[in-house]
Amino acid sequence: MSFEQVLVIVVGLFGGLGLFLFGMQMMSEGMQKAAGDKLRKILEVLTSNQYIAVVTGAVTTVLVQSSSTTTVMVVGFVNAGLMNLNQAVGTILGANIGTTVTAQMISFNLGVLALPAIAVGFGMQLLSQKKVHKYAGQSILGFGLLFLGMMTMSDSLSPLRDFPPFIEMIASFSSNPFLGVLAGAAFTVMVQSSSASTGVIVALSIQGLLPLASAMPLLLGTNVGTSVTAVLACIGTGIAAKRAAVAHVLFNVIGVVVFLILLKPFTELVAMTSNEVPRQIANGHTIFNVANTLIVLPFTSYFVALIVRLVPGENVVMERGPKYLDKRMQKTPAVAIGSSIKEMIRMGVISREMLQDATNAFLQKDRELIQRLARKEEVLNELEKEVTVYLADTSQQSLTQNQSRLVSSLMHVINDIERIGDLSENISELAESRIEEDLPFSDMAIEELTTMYEYVDKIVGDSIVALETGNTKLAMDVLEIEDRIDYMEKRLRKSHIGRINDRKCFPVSGVIFLDIISTYERIADHAQNIARVVLDDQDTDE
């Protein structure tokens with residue numbers, strides 16, 4: 001085979017693969033946009049029972065056309081405490097079943113629909129006024145591109161029929177199944193999509209290049225390769241998310257080992273499902289994942305126990321959602337306001353923890369603290385919305401003048417607490433820049449930052465305690481320390497700019513230093529605002 005022929009095959013194969021992946025991504029995005037946040041809510045709500053979790057995982061994966069997307073969402077939910085490990089395992093089992101639908105689709109000879117689907121989908125995107133119609137058009141366009149890519153891959157592979165080395169390599173997969181599993185896994189890791197790998201396998205079979213005996217080991221390998229996505233998704237996450245990723249890997253690996261042992265009878269069973277090899281491959285993919293799920297599902301608790309043993313450690317899960325808000329209490333405004341303050345104290349504790357995590361991430365160059373802070377930011381934002389709505393609803397009740405004034409003040413306090421969290425996140429971003437660029441900081445700069453942080457951390461903590469207890473003396477202390485922090489920020493800024501001008505400081509590090517002390521000063525301002533509300537409330541009571 002000449003170099004030109006090889007080049008045509010390679011370009012055709014990877015060009016078609018690119019179209020296939022792009023089409024699948026477009027179809028997935030269209031479906032997800034059409035569904036809005038419903039998919040996430042479905043995953044959050046409908047996974048309490050492991051059997052329902054399997055169905056939910058399968059349906060979600062069919063809708064998003066990617067088991068990797070579902071698995072990444074599951075890892076995120078587990079990491080955020082929205083889902084426990086039992087729920088995650090059930091959902092992942094279902095995702096593996098759902099991903100077989102793509103293989104079933106491409107095994108049918110639907111290439112004739114590719115161009116009409118592209119025309120219809122593009123027309124809907126171009127002409128439709130409603131967003132849901134545009135998203136539907138995007139999905140149809142993606143469907144057409146997927147099959148156009150499939151046709152392109154298949155046509156590009158046809159010259160390999162007369163290339164003996166390729167035929168011999170394919171034949172080796174049936175005589176040495178382990179080699180086929182490795183090849184399938186490696187290719188899936190490379191393209192990060194088991195559906196794309198299955199598409200190439202089906203394309204080879206359409207050209208008569210891949211007999212079923214050689215295809216089955218490759219197909220088993222794709223199931224091992226696709227679990228790598230879950231492993232990548234759990235990097236930098238908590239213990240629970242790592243366990244979910246390991247569960248995905250172990251589930252697929254165990255299944256592949258079992259079916260490798262039973263490869264001959266399994267292949268014979270698959271051969272009975274159709275007279276066409278592409279259909280047999282798709283059916284084999286489905287049978288493997290369904291059977292694997294049915295084998296593991298009754299022993300989920302034991303499987304989870306094994307995962308916990310393999311990934312030891314304390315699973316620290318942050319409690320999400322409000323703890324103290326009760327809509328029934330809104331008819332008693334004094335109780336409702338008290339409940340809101342309790343929830344705001346909880347928010348204040350989280351925002352202070354974020355400040356601590358951000359500073360320690362910067363000083364210690366610790367990426368794990370940055371990840372932890374991001375999870376707390378999500379919880380804080382959720383609570384901010386919940387408490388704001390709760391107070392707004394409470395304000396519609398019959399309030400006294402003092403209660404009405406207090407509710408208005410507390411609305412500002414919620415914003416101040418949430419802003420402390422946001423500013424802490426800004427510091428974490430600076431910490432990430434320091435880590436990524438390995439920026440140097442002098443011992444003097446670190447000492448100055450640490451000193452200023454200690455003052456800021458103190459008044460944030462004191463302002464929250466003052467809000468909780470109504471301690472006016474503590475609130476007055478916050479105001480006094482805030483004045484000291486203002487002076488400190490100006491003094492440190494002036495001296496640091498002097499060091500930059502004298503070229504005693506690395507310029508980029510100098511800019512980050514100035515950003516951090518400015519952020520600290522703004523955090524102190526918000527703590528001062530909280531303290532003022534405590535003082536104003538006390539004056540009103542008197």
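Basis of the calculations
- Residues numbered from 1 in each chain as written.
- Predicted model: local features only at pLDDT ≥ 70, side-chain atom pairs only at ≥ 80, totals over all residues.
- Heavy atoms only, no water.
- Axes fitted to C-alpha atoms, helices over the stretch in contact; angles between N-to-C directions.
- Helix = DSSP H or I, 4+ residues; strand = E, 2+ residues; numbered from the N terminus.
- Parallel < 35°, antiparallel > 145°, perpendicular 65-115°, else oblique.
- Left-handed = near helix turned anticlockwise from the far one by under 90°.
- Contact = heavy atoms within 4.5 Å.
- Nonpolar A, V, L, I, M, F, W, Y, C, P; charged D, E, K, R; others polar.
- pLDDT = per-residue confidence, 0-100.
- Buried < 20%, exposed > 50% of the residue type's maximum accessible area, 1.4 Å probe, protein only.
- Arc of directions from axis to C-beta.
- Salt bridge = Lys/Arg side-chain N within 4 Å of Asp/Glu carboxyl O.
- Phe/Tyr/Trp six-rings, centres within 6.5 Å; stacked < 30°, edge-to-face > 60°.
- Patch = residues over 30% accessible without salt bridge, like charges linked within 9 Å, V, L, I, M, F, W, Y side chains within 5 Å.
- Areas by Shrake-Rupley, 256 points an atom, 1.4 Å probe, with all protein chains shown as cover.
- Lys, Arg positive; Asp, Glu negative; His and termini not counted.
- Charge placed at Lys NZ, Arg CZ, Asp CG, Glu CD.

Visitor: Can you lay out the packing of helix α15 (residues 263-271) against helix α16 (residues 277-296) for me, pointing to particular residues and giving the numbers?
Guide: Axis separation between α15 and α16 bottoms out at 9 Å; the angle between their running directions is 125 degrees. For the element pair α15 / α16, the angle class is oblique. Considering the relative orientation of α15 and α16, their crossing is right-handed. Mapping the contact onto sequence places F266, V270 and A271 in α15 and Q280, G284, I287 and F288 in α16. Here the contact of α15 with α16 is built from residues that sort into five nonpolar, two polar and no charged.

Visitor: Any details on the confidence of the model for the protein chain? Residues and values, ideally.
Guide: The pLDDT averaged across the protein chain works out to 81; a share of 84% of its residues lies at or above 70. In the model of the protein chain, helix α2 (residues 38-45) stands out as the element of lowest mean pLDDT, 57, in contrast to helix α21 (residues 443-469), which has the highest, 91.

Visitor: Tell me what's going on with α15, and back it up with residues and numbers.
Guide: Listed as buried for α15 are L263, F266, T267 and V270. Relative to the axis of α15, the buried residues are bounded by an arc of 100 degrees and lie together on one face.

Visitor: I'd love a proper account of the pattern of salt bridges, names of residues and values included.
Guide: Across all of its chains, the model carries nine salt bridges by this definition. With a closest N to O distance of 3.0 Å, D462 and K458 form a salt bridge. Taken together, the residues D462 and K458, both in helix α21 and four residues apart, mark about one turn of the helix. A relative accessible area of 13% means that D462 is categorised as buried. For R493, the salt bridge is made with E489, and the minimal N-O distance between the two is 2.9 Å. Residue R493 and its partner E489 are both found in helix α22 (residues 472-501); the two are separated by four residues, about one turn of the helix. R493 gets classed as partly exposed once you look at its relative accessible area, which sits at 27%. Three or more residues are tied together by salt bridges with common partners; here these are E353, D357 and K376.

Visitor: So, the packing of helix α18 (residues 333-364) against helix α19 (residues 367-394): which residues are in play, and what are the values?
Guide: At their nearest, the axes of α18 and α19 sit 9 Å apart, and the two run at 160 degrees to each other. Relative to α19, α18 is oriented roughly antiparallel. Crossing of α18 against α19: the hand is left-handed. Residues that form the contact of α18 with α19 fall into these classes: 17 nonpolar, five polar and eight charged.

Visitor: Any chance you could break down the side chain of S428 for me, citing the residues and the numbers?
Guide: As for its placement among the helices and strands, S428 is situated in helix α20 (residues 401-437). Here S428 falls in the buried class, since its relative accessible area comes to 5%.

Visitor: So, the packing of aromatic side chains: which residues are in play, and what are the values?
Guide: Taken as a whole and assessed by the stated rule, the structure comprises four aromatic pairs. Considering the side-chain rings of F362 and F441, the 5.1 Å spacing of their centres and the 80 degrees angle between planes classify their relative orientation as edge-to-face. Highlighted residues: F362 in helix α18 and F441 in the loop between α20 and α21, separated in sequence by 79 residues. The burial state of F362 is the same as that of F441; both residues are buried. A ring pair is formed by Y453 and Y520, whose centres lie 6.3 Å apart and whose planes are at 40 degrees; its orientation type is tilted. Taken together, the residues span a long stretch of sequence, with Y453 in helix α21 and Y520 in helix α23 (residues 507-541) at a distance of 67 residues. Looking at Y453, the relative accessible area reads 12%, which means it is buried. The class of Y520 is buried, set by a relative accessible area of 2%. Feature note: the residues F259, F266 and F288 constitute an aromatic cluster, connected by ring pairs.

Visitor: Report on a negative patch on the surface, specifying residues and quantitative values.
Guide: Together, E429, E432, E436 and E437 make up a negatively charged patch on the protein surface. Structurally, E436 is set in helix α20.

Visitor: Please give an account of the environment of Q125 that cites residues and values.
Guide: Tracing the sequence through the fold places Q125 in helix α7 (residues 114-127). Residue Q125 is classed as partly exposed on the basis of its relative accessible area, which comes to 27%. As a C-alpha pair, Q125 and L141 span 16 residues in sequence and 8.7 Å in three-dimensional space. Sequence-distant contacts of Q125, defined by excluding residues within four places in its chain, comprise K134, G137, Q138 and L141.

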